[in-house]
Structure formats: C-alpha cells, structure tokens
Amino acid sequence: MLDRNLSSELANTLNDPGADRRQLSNLRGAHRSFERRAALDPGAIAIVDGDRKLGYGELNARANQFARHLLEQGIAPGRPVAVLLPRSFELVIALLAVLKAGGAYLPLDTAQPPRRTLEILRDSAPSAVISSNSLRSDLWAGLAGHANGTPYRMLDIGSNHATLSHLSDANLDDSEVSIAPDDPAYVIYTSGSTGAPKGVVNTHAGLGNRLDWFVDSVVEHRPVTALKTNIGFVDSVTEILQTLMAGGALVVMDASVARDPPRFAAAVARHGVTSLVLVPSFLTQLLDVPAEDLKSLQLIVCSGERLAPELSARTLEALPHARLFNFYGSSEVNGDATAYRCSSSPDGSVPKASVIGRPIANLRAYILNGHGQRVLSGETGELFIAGAGLARGYLNRAELTAERFVADPFSGEARARMYKTGDTARWLADGNIEFLGRSDFQVKIRGYRIELGEIEARLGSCDGVREAVVLAREDRAGEKRLVAYYTTLGDERQTGKASLTAQALREQLASQLPEYMVPAAYVGLPELPLTPNGKVDRKALP
C-alpha cells in the first residue's frame, strides 16, 4: 500500500488545477474565427444541403446581413434569440447571425411537441423567434403570442433574404456590437427533475475555449462533417462551429437519414464524410453496415453516453483508418470537459474500463469524496469540473445554479467555481479518468440527458394516474429503454374513464415531451414496492 503522504501528493498531482493551461484567445465570439476563415478562402464550400452548396464567403455575407436585420428588430445584447429550424443552410445562417448580433442562440427542436416549445419560450422570454412560415404553420400560429407577458418578434428567415440586400454584408465592428467574454453566447434546454426543462447559459469565452481546443488538439485535416445532431442538443452547437472554425464543410443530413444506419452510411460514402460526432448507441448500429461505406471516415467522436470498452475495441478493429475519441461533458461545461483518444495496446487490446481521459485545455477535474476531499488514485468519488468552460448557470434559476455551481476551494482564484456533475469516477494510475456512472436518477438515452423525475412528474399528472416511477432499463447490452411503472386512482376518481392503457398514457406524454423522453413500456401495478423507510424500492420493480 502507498504511504499516505505519498498518496496525498499523488492525489494533488492528479487533480492539478493547471494540467493544460493555454492562452485564451477566442474571447469575443466564435464567429470571429469563422470570419477569418471566410476571408482566407471565401470560395471554399461551407455547407452542402442536398443539391445546394454554400461557400464561406456567401455564408458570411448572408449571416452579416441577417445580423444587421436582427439589430434593426431591436435584439437585446445577451438576450436569448430562439431558432426554430431544421438542419439546413438557414439554421447555420441564423446561428452565426445571432452570435454576430450579440444575442444568445437558443435552438429549439422542430420535432418536439408544441407544448414543450411554448414552455421553453415562456421561460426564456426571447427577443425574437427565428423560423420559417413553411416549417409548421400550426406551431407558427401558436407562437404568435407572448412569453411571460413580453412580446417577442416572429422572424421568417425563409422570406427575408431578398429583402435584406440593402444591408451591408461586411463583418460587424465594435461600433455596431460589443461582446464581452462573459456575455451569453447560447442557451441549451435540458431535462429538469422538477417536471420542467431548464436552460443552461453558456458564455462566449467558454464556447471559444472549447472550440479552440478542438481545432488545435483534435483536427488534423479540414473535416467534412455530417450535420446530424438534433439541434436542441449541445453537441449540435459544437458540431457546426468547430467544423467552420477548422475550415471544413458541413453535410446536412435529413432527420430520416440520420436515424437509419444503412441510409446514413450510404450518405457518408456519397459525400466523402470524414468526421462524425455521435452517441455510442448509434455507433453500435452503424458498425453493422458494410465497412466499405465508412472508409472515408478519419475522425469519430463519441459523446453523450458511456462508451463501452467492447464497442471501442470493435470500432478500432472495423475502422482502423479512423481515430476514435471518447468525449465527456454536459451542457453545463460547453458540451465537453475531458477527452480520450481510444487506441489499442501493442497486443491489440483496449482498456477494460470506460476511460474519459483528461481535462481539455483550461479546464480542471476534481474527484471528491463525501467530505469534499480529493480522493487518491483508484478511489471512487464524485466528479467536479472547473475552469474556463463552465456555464454561467441556469436561466432564471438562481437557487439551482448555486446548488450545482459551487465554490472551488482548490484553484487559489477568488470567486472560482466548479460544477457538481453528479457522476462517479476515479483516477487511473496513468492520470486518466474512468467514468463509473450516475449518483442520482439522471440517465442518458441515445445521448439525450434525461431527468427521470421530469417524466415521472408528467406521468403522475396524466388522467387516472396516482403514482408513477420511471426507470432506464438495459435488458440487452447497449440498448437502454425507458419503462414506466404506475398505479391508478380508484374507479370513482377516473372521471368515468375506462382502465388506463399503455397507448392512452403514451399519447398523453407524447403531447408534452420529446419523443426520446416518452417511455417505451408501461407497467400497471396495484401498489409500488416500498423500502422499510417508506421510499419506493426501485430495485424491486419488475
């Protein structure tokens, strides 16, 4: 056994606050780096969407014009600007325009129920909603209201391009828009344990640090990236911007193609895609298609779920020409906080643990025990993240922000904070981190972070339901699914309705929650099993 003093020194070394410190250069907006790329090679292809192609110069010009249009409409600096668009030219133009105008980009999933979209709009009170009249007329009409009593402007990006020709297409300067490092850059809504989604506010400095690190440390060639991630997911922001900052091209993948591994692989081959960002569950399915369709891949980034060692080994064997990375993070840390390059040892084996690597540039990782002390190598504790990548906190939720973003006693910097991830981990002897799992009821399904409490709250409010519990079950390796358990009210309290059916519950939840949060199976019980102290015994559920 290690001497305790020596072990303590090792713990301090592993938790070194300055493991990878670099100069923060991209403090005033990721769009500035894009603008430099556009000036260097304006004719290079930036986006491919079906038969349409858009070069860097034209993309930058159109984003500049739309940014000035946003300013004309009174967009307030730092205020959210909602974007309700599918993956497309217009989505990328809107993202860049919002950043250039000093707003905070707020992406909304076009496939989620209108009720949830309206909840987010009421909570965020955006300066405007950018969408298209041709997208969803029913939703567009429903949004023509108010958020928290404050009117928001409805801007149709599809019909505005021809009417913006009078606006300058030159880059905006400081006299038009002034952006500070700590200003909000974007807001991502994630599942909330109280039954309502919560918005995470990230800064220009934090986003810039994440993107600079990726371009400097991961990119080797100009990437051709499949634009496939759901736009409401934090990885969509980095997927778009890191590609443009690296001078690469985005290939828009239709939603139906992005969910169909054989069609997706065929699109990868057709467009010569070299870079993918995807969740391990989709990678598992993708490896079942002929490897010939994936031979163009040079870079595969897994994030959003635990990357099993077996899947890592399978990927390296099937696609030896591609580099495989495992990224770990969340919306609260600009998407990614640690990274690990997966590779085989000389004997062909891979680590038998889910390794998430080390902190990226200017971030710090601490693994702490229940007393807030740094653990030794091999000991289990909760993972905390600190440094330049931290979000400002949760929109309109000061109490939750104070609970999850706590003082960092290890940095030596006044007012330094660290994010309490709720994940358990341990340091390995080589200085990498092994991910062990969650310490609460938060789960990830297909890369989406889900608070089971939010689903339980919605299920508990369904007609006829008395109590509700939701679990994420993995009955087959790599295939997680949500299972709902419930008890019903007495017949006299069911307002004359027949016994509840799984279909009836599914339909009620589908009107309130995104598809990925609707349970796949429903189990009615006379009573929920309880522990001796009266709490629901989740382990005893069938």
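Residues numbered from 1 in each chain as written. Predicted model: local features only at pLDDT ≥ 70, side-chain atom pairs only at ≥ 80, totals over all residues. Heavy atoms only, no water.

## Side note on the sheet that holds strand 26 (residues 465-476)
Defined as follows: Any two strands with at least two DSSP-identified bridges between them are counted as paired. Starting at the N terminus, helices and strands are each numbered in turn, a helix being any DSSP run of H or I of at least four residues and a strand any DSSP run of E of at least two. Fitted lines through C-alpha atoms give the axes, limited to the stretch in contact for helices. The angle between two N-to-C directions lies from 0 to 180 degrees.
Strand order across the open sheet formed by three strands is 26-27-28, with mixed pairing between neighbours. Pairing within the sheet leaves two strands with one partner each, and these edge strands are strand 26 and strand 28 (521-524). Here the strands of the sheet are splayed against their neighbours by 25 degrees on average, with no regard to which way each runs. One ladder, built from four bridges, connects strand 27 (residues 479-488) with strand 28; its direction is parallel.

## Quick notes on the packing of aromatic side chains
How we decide: Note on aromatic pairs: the rings of Phe, Tyr and Trp (six-membered ring only in Trp) are paired at centre separations within 6.5 Å, and the planes decide the class, stacked below 30 degrees, edge-to-face beyond 60, tilted for the rest. For the exposure calls, accessible area comes from a 1.4 Å probe over protein chains only, and a residue counts as buried if that area is under 20% of its type's maximum, exposed if over 50%, partly exposed in between. We call a charge positioned above a ring when the Lys NZ or Arg CZ atom is no farther than 6 Å from the ring centre and deviates by at most 35 degrees from the ring normal.
One pass over the full model with this rule turns up ten aromatic pairs. Relative to Phe-435, the ring of Tyr-328 lies with its centre 6.1 Å away and its plane at 40 degrees, an arrangement referred to as tilted. Of this pair, Tyr-328 sits in strand 15 (residues 323-328) while Phe-435 sits in strand 23 (residues 433-438); the two residues are 107 residues apart in sequence, bridging distant segments of the chain. Exposure class is identical for Tyr-328 and Phe-435. Each is buried. Three or more aromatic residues joined by ring pairs make a cluster, and in this case those are Trp-213, Phe-214, Phe-325 and Phe-327. One residue, Arg-52, lies across the ring of Phe-89, its end atom 4.1 Å from the ring centre. Between Lys-228 and the ring centre of Phe-282, over which it is positioned, the NZ or CZ distance is 5.2 Å.

## Topic: the pattern of salt bridges
What counts is decided by this rule: Salt bridge, as used here: a side-chain nitrogen of Lys or Arg that lies within 4 Å of a carboxyl oxygen of Asp or Glu.
Summed over all chains, the structure comprises 15 salt bridges. In this structure, Asp-408 engages Arg-364 in a salt bridge whose closest nitrogen and oxygen atoms are separated by 2.9 Å. Linking Asp-408 in the loop between strand 21 (405-407) and strand 22 (417-427) with Arg-364 in strand 18 (residues 363-368), this pair joins segments that are 44 residues apart in sequence. An identical accessibility class is assigned to Asp-408 and Arg-364; each is buried. What you see here is one network of salt bridges that share partners, running through Arg-32, Glu-35, Lys-100 and Asp-174.

## Focus: the environment of Leu-241
Let me state the cut-off plainly: Throughout, a residue-residue contact means that at least one pair of heavy atoms, one from each residue, lies within 4.5 Å.
With respect to the secondary-structure elements, Leu-241 resides in helix 9 (residues 234-245). According to the relative accessible area criterion, Leu-241 is buried, its value standing at 3%. Contacts of Leu-241, omitting those with residues within four sequence positions, involve Ala-30, Leu-95, Leu-96, Leu-99, Leu-207 and Leu-211.

## Some thoughts on helix 9
To keep it simple, the criterion reads: In this analysis, the expected span of each helix is defined as 1.5 Å times one less than the number of residues it contains.
For helix 9, which comprises twelve residues, the first-to-last C-alpha distance of 17 Å matches the rise-based estimate of 16 Å (1.5 Å per residue) to within 8%. Within helix 9, twelve of the twelve residues are buried, leaving the element largely enclosed by the surrounding structure. Among the residues of helix 9, those classed as buried are Val-234, Asp-235, Ser-236, Val-237, Thr-238, Glu-239, Ile-240, Leu-241, Gln-242, Thr-243, Leu-244 and Met-245. Directly beyond the C-terminal end of helix 9, a positive phi value near 80 degrees is found at Gly-247.

## Notes on the packing of helix 4 (residues 89-100) against helix 9
Relative placement of two packed helices is described by the angle separating their axes and the distance separating the axes. To keep things clear, this is the line we draw: These descriptions rest on fixed angle ranges, namely under 35 degrees for roughly parallel, over 145 for roughly antiparallel, 65 to 115 for roughly perpendicular, and the rest for oblique. Note on residue classes: Ala, Val, Leu, Ile, Met, Phe, Trp, Tyr, Cys and Pro are nonpolar, Asp, Glu, Lys and Arg are charged, and everything else, Gly too, is polar.
At a closest axis distance of 11 Å, the pairing of helix 4 and helix 9 adopts a crossing angle of 80 degrees. When the interaxial angle is binned, helix 4 and helix 9 end up roughly perpendicular. In contact with Leu-91, Val-92, Leu-95, Leu-96 and Leu-99 of helix 4, helix 9 contributes Ile-240, Leu-241 and Leu-244. For the contact of helix 4 with helix 9, a count of residues per class yields eight nonpolar, no polar and no charged.

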